[in-house]
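Geometric and topological summary
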Amino acid sequence: MPKNIPLINREVSWLSFNDRVLQEAADKSVPLVERIRFLAIFSSNLDEFYRVRVATLNRLSSLNTKSKEFLGFNPRKTLNEIKTIVVRQERKFNHQYNDVILKELEQEKIFIINEKQLNVSRGLYVEKYFREKVLSTLVPVMIDKNQTFPELKDRAIYFFVRLVQKKNIEKSRLALIEIPTNGLNRFLVLPETNNLKFITLIDDIIRYCLNDIFFIFKYDQIESYSIQLTRDAELDLDKHVSEKFIEALTKSLNKRSKGRPMRLLYDKEMPLDMLKYLVDKLDLSTDGLIPGNRYHNFKDFIGFPNVGGPDLEYPKMPALPVKDLSSMSSIFVQIAKRDYLINLPYQSFDYIIHFLREAAIDPKVKEISMTLYRLAENSRVIHALINAAKNGKKVYCLLELKARFDEQANIFWTNRLEEEGVIVNYGIPDYKVHSKICLVKRQESGKYVFYANLATGNFNEKTAGLYCDHSLFTANSQITSELVKLFEGLQTDTFFKGYKYLIVSPLESRSKLNELINHEIKNAKSGKIAFITLKMNSLTDEEVIGKLYDANNAGVKIKLIIRGMCSLIPGVTGFSENIEVFSIIDRFLEHARVWIFANSGEEKVYLTSADLMARNLDNRVEVGFPILDQEVKSEILKIINIQLMDNSKAREINQLNNNRYRKTGTKILSRAQTDIYTYLKYKK
């Protein structure tokens, strides 16, 4: 690895990304209900960060000094820095929700009211709802100070309750109540009064009715404070398990809910003695204590009901058709003539479903091969593959069981596919298969012809409506012949080298990327046009960053569009004066991975499933592919150029991590996602 190059700690960089999400919640140009949803996304992101990244750092912090030197940083110091940043962000979060958004909702005549704000009629309505829908789901756990403290579930919301006897404090009782957010809607819309709209949370419904739960006990008052525990979510697996891999994974998933406590988010109004009691019982370090407000699992606010007007949400952007690609005629006949690009979510994912559906019923189709990583809950992709198998096609599916937080769903789909006759590969030991590829083998005029779909994002129709990705249809034999070889390797757990067109991890992505960068360095030194434009989710690989610094020093102009983590620091003399980095956060999640190299004016354009992280380059099966069709290439270049002009939703990534809005030297506002939609809508 390169030594002594400027780097931003990846965890700090990730927190900076999540702060950009928080910026969207504070942006008054964003519709009000959407701002609430950005708060929910921020909260959900932070939960996952603690479950995975902070959990890993806690493990690393137990290593000896020599190991820390090898890592290049002190995990304990990083944990302290994380705690400082997160506490600051939680304050911003609480201010935005309590002091800004709630007041703006009130201006719209929408009131989120708690148990103390219910009048008699609304109180009766809440009591009726509680007794009919909620009470039967609640089973309080009474806490005996002399017994083991109850096991708290990962990310579940609890009320930590104290039944107070003022005359005899020693006889006060403690209890835990799990809030049933899975089976019930978190929000209850109350009857409207005088054109005023009221919403209350299930948390406050339970608070209002605590007497109905604890009526058998003697007490003078009830105190309740919400808590949420986040646990270590990493799996401990024997990587060499093969035949019983599913059973091993299932057991590990069951252990996940009992992982080591990472963070306790607690109501900051909780008395100190109750908090100290929890900390002692849960064996938490002070790093893991995060004061919050009365509502936890704020991710549920992604489903906040819009009881106001349509202007409180983003206007609809109906999925656009792809020019000259018809769903009413054979998609194979059309792809045989030229390549087509689907730009999600601006254009419809239905084209991919149409491709699979036609393959499932076409008598000429003999085989379908596909890799799957994350799937929709009621996946039409899976249904198409099952129907293909029922129609006598040979269907091979590599379904990655190690897709984090989707393991349980993928086990379900694996069993379902196998029951229906699909040949299922569970993945490759030691490597995640993260590629997004599909290959159809069709018999035409006595020979086999192959049709492919290669994408930057998952075959998931739900996320396809939210994630910005590119999906390519091609019958180009230069690409499909190499996909045949790739799928042969996947079926035998074999990695091949020597692809001419595809860029495949784990064996060749790093070296081929270096070749492409070196070519730009050579051109720059020769006085030829030389630039690199890369778009991705994350850039943390130190070797790649070092290589980009080398390109910078050779005079290559580099622009990086990175949504999430970025360890590269732009603008540092002697390393990155020619590098600009920015992030676009808007209504859709930027998820595409695009590589563009000047190549002396004849641009080379690649799409890939890989971010530039060590795991993607060395420890996953990833597939990058060149864009050979000139019309498709022109379309991608136009879309990237639109993003390079964004000065509305683009933030600088810099050494200060201040997420300053990007300036482009013009007063004309450009908003990439809106402008891309307009471009595709009127594209001729």
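Residues numbered from 1 in each chain as written. Predicted model: local features only at pLDDT ≥ 70, side-chain atom pairs only at ≥ 80, totals over all residues. Heavy atoms only, no water.

Turning our eyes to something else, we now look at the overall build of the chain. Assigned secondary structure in the chain consists of 19 helices and 27 strands. C-alpha extents for the chain along the principal axes are approximately 90 × 60 × 55 Å. Buried residues in the chain amount to 58% of all 684 residues. Residue pairs at least 24 apart in sequence account for 74% of intrachain contacts in the chain once pairs closer than 6 positions are excluded. Accessible surface for the chain amounts to roughly 30,200 Å². Of this, 50% is attributable to carbon and sulfur atoms. (Helix = DSSP H or I, 4+ residues; strand = E, 2+ residues; numbered from the N terminus. Buried < 20%, exposed > 50% of the residue type's maximum accessible area, 1.4 Å probe, protein only. Contact = heavy atoms within 4.5 Å. Areas by Shrake-Rupley, 256 points an atom, 1.4 Å probe, with all protein chains shown as cover.)

For strand 7 (residues 221-231), the tally of buried residues reaches 9 of 11 residues, placing the bulk of the element in the interior. Direction of pairing for strand 3 (residues 157-164) relative to strand 7: antiparallel, over a ladder of 8 bridges. Counterpart to L163 in the pairing with strand 7 is I222. As judged from the 5 bridges shared by strand 7 and strand 8 (residues 261-267), these two strands associate in the antiparallel manner. When the bridges of strand 8 are listed, T230 appears paired with R263. (Pairing = 2+ DSSP bridges.)

Turning our eyes to something else, we now look at the packing of helix 12 (residues 380-390) against helix 13 (residues 407-419). The relative placement of two packed helices is expressed as an angle between their axes plus a distance between the axes. Direction vectors running N to C along helix 12 and helix 13 enclose 20°, while the axes themselves pass 10 Å from each other. By the angle between their directions, the pair helix 12 and helix 13 is classed as roughly parallel. With respect to the hand of their crossing, helix 12 and helix 13 are arranged in right-handed fashion. The segment helix 12 lies against helix 13, with I382, H383, L385 and I386 engaging W413, R416 and L417. Of the residues contributing to the contact of helix 12 with helix 13, the split by class is 5 nonpolar, 1 polar and 1 charged. (Axes fitted to C-alpha atoms, helices over the stretch in contact; angles between N-to-C directions. Parallel < 35°, antiparallel > 145°, perpendicular 65-115°, else oblique. Left-handed = near helix turned anticlockwise from the far one by under 90°. Nonpolar A, V, L, I, M, F, W, Y, C, P; charged D, E, K, R; others polar.)

Let's shift gears to the pattern of salt bridges. Tallied over the full model, the rule gives 48 salt bridges. A salt bridge links D280 to K276; the nearest nitrogen and oxygen atoms lie 3.2 Å apart. Of the two residues, D280 and K276 both sit in helix 9 (residues 272-282), 4 residues apart, roughly one turn of that helix. Between E420 and R416 there is a salt bridge, with the nearest N and O atoms lying 4.0 Å from each other. On the accessibility criterion, E420 (24% relative accessible area) is partly exposed. Taken together, the salt bridges that share partners define one network made up of E24, D27, K649 and R651. (Salt bridge = Lys/Arg side-chain N within 4 Å of Asp/Glu carboxyl O.)

The periodicity of an α-helix, 3.6 residues per turn, causes residues three or four positions apart to be oriented the same way. In this model, helix 13 (13 residues) spans 18 Å end to end at C-alpha, consistent with the 18 Å of a helix rising 1.5 Å per residue. Restricting attention to buried positions, one finds in helix 13 the residues E407, N410, I411, W413, T414 and L417. The buried residues of helix 13 occupy an angular sector of 170° when projected down its axis, which confines them to one face. Count one or two residues on from helix 13 and you reach G421, which has phi positive near 95°. (Expected span 1.5 Å × (residues − 1). Arc of directions from axis to C-beta.)

All right, on to the side chain of Q347 then. Looking at the secondary structure, you find Q347 in the loop between strand 10 (340-344) and helix 11 (350-361). Overall, the relative accessible area of 5% leaves Q347 in the buried class. Excluding residues within four positions of it along the chain, Q347 makes contact with A319, L320, P321, V322, L341, I342 and L680.

Applying the stated criterion across every chain, the model contains 24 aromatic pairs. When the ring of Y549 is compared with that of F575, the centres are 5.5 Å apart and the planes differ by 70°; the resulting orientation is edge-to-face. One end of the pair, Y549, is in helix 16 (residues 542-553); the other, F575, is in the loop between strand 20 (557-562) and strand 21 (579-584), with 26 residues separating them in the sequence. Owing to a relative accessible area of 2%, Y549 belongs among the buried residues under this scheme. Ring-pair connections join several aromatic residues into one group, and the members of that group are F42, F93, Y97, F187, F298, F301 and F304. (Phe/Tyr/Trp six-rings, centres within 6.5 Å; stacked < 30°, edge-to-face > 60°.)

These figures come from the coordinates and say nothing about function on their own.
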